[in-house]
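Descriptive structure summary
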Amino acid sequence: MSRIGKLPVEIPAGVTVTAVSGLITVKGPKGTLSLQTRDEVSVEVRNNEVYVTRKDDEKASRSYHGLYRQLIHNMVVGVSKGYSKVLMINGVGYRAEVKANILYLNLGYSTPIEYMIPQGIAITADGPSKITISGIDKEKVGQVAAEIRSLRGPEPYKGKGIKYETENIRRKVGKSGGKK
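Bear in mind the structure is a predicted one, so any value in this text is a computation, not a measurement. (Residues numbered from 1 in each chain as written. Predicted model: local features only at pLDDT ≥ 70, side-chain atom pairs only at ≥ 80, totals over all residues. Heavy atoms only, no water.)

1. Some thoughts on helix 1 (residues 59-80)
- Taking 1.5 Å as the rise per residue, helix 1 with 22 residues should run 32 Å; its terminal C-alpha atoms sit 33 Å apart, in good agreement.
- Of all the residues in helix 1, the buried ones are S61, H65, G66, Y68, R69, I72, N74, M75, V76, V77, G78 and V79.
- Backbone geometry just after helix 1 places G82 at a positive phi near 90°. (Helix = DSSP H or I, 4+ residues; strand = E, 2+ residues; numbered from the N terminus. Expected span 1.5 Å × (residues − 1). Buried < 20%, exposed > 50% of the residue type's maximum accessible area, 1.4 Å probe, protein only.)

2. Digging into the pairing of strand 12 (residues 130-135)
- Strand direction decides the pairing type here: strand 7 (residues 83-90) and strand 12, joined by six bridges, are antiparallel. Considered in strand 12, the bridge of S84 is made with S134.
- Where strand 11 (residues 121-125) meets strand 12, five bridges bridge the pair, whose relative direction is antiparallel. Residue pairing across strands places T124 opposite T132, the latter belonging to strand 12.
- Linking strand 11 to strand 12, which pair antiparallel, is a turn of four residues; within it G127 sits at a positive phi near 85°. (Pairing = 2+ DSSP bridges.)

3. A closer look at the sheet that holds strand 4 (residues 31-36)
- Taken together, the three strands give an open sheet; going across it, the order is 2-3-4, and neighbouring strands pair in antiparallel fashion. The open sheet terminates on both sides in strands that have one partner only, identified here as strand 2 (16-20) and strand 4. Along the sheet, successive strands turn relative to each other by an average axial angle of 15°, direction set aside.
- Sheet strands in contact with helix 1 are strand 2, strand 3 (23-28) and strand 4, and its direction is about 170° off that of strand 4. (Axes fitted to C-alpha atoms, helices over the stretch in contact; angles between N-to-C directions. Contact = heavy atoms within 4.5 Å.)

4. Looking at the sheet that holds strand 5 (residues 41-46)
- On the basis of which strands lie adjacent, the open sheet formed by three strands has the order 1-6-5 and antiparallel pairing. Edge positions in the open sheet fall to strand 1 (9-10) and strand 5, since each of these has one partner strand only.
- With six bridges connecting them, strand 5 and strand 6 (residues 49-54) associate as antiparallel partners. Of the residues in strand 6, the one forming a bridge with E44 is Y51.
- Here helix 1 sits on the sheet and contacts strand 1, strand 5 and strand 6; the angle it forms with strand 6, its principal contact strand, is near 165°.

5. Description of unusual backbone geometry
- Backbone geometry at S21 places phi at a positive 45°, although glycine is not the residue there.
- One non-glycine residue, A100, adopts positive backbone phi at about 55°.
- Relative to the helices and strands, A100 is located in the loop between strand 8 (95-99) and strand 9 (102-106).
- Owing to a relative accessible area of 83%, A100 belongs among the exposed residues under this scheme.

Purely geometric numbers; function is a separate question.
This is the structure in structure tokens:
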């Protein structure tokens, strides 16, 4: 049996979870999320806990068992606490600012990059070199962070570019300039 799938998801105070014919809806103080499950798993809510069970022992059923349990857990945490990722910008003249619904990035290209902020995501520029991305959907927060990071990934020689706050850049030694 799946070690993750058999764990119940605890529902904190202020969060309601409903499971009706494969549609799971999680409502909390930060918002509402919903998820359609597959036929291989069934979800039931009992005693302030959500239980995910699988129909049979087929390979697909076993893999979806743990997946849907973790997705429901992420939804419960998202509507109660929310998720956030922090990106750091390193480089001379590299900076970010948010105006209205657009993130403006100067990353050493000839023109500034304008990134439209998706619905359900909040982006704040804490100073010129720090970007905080937050929202209730863990997948969407991670996807937006990855898209922004890919605009100018960190390079290994000087460390210039956009990186996650907890990320370590493996630095390389540059050219040695002497003749032999």
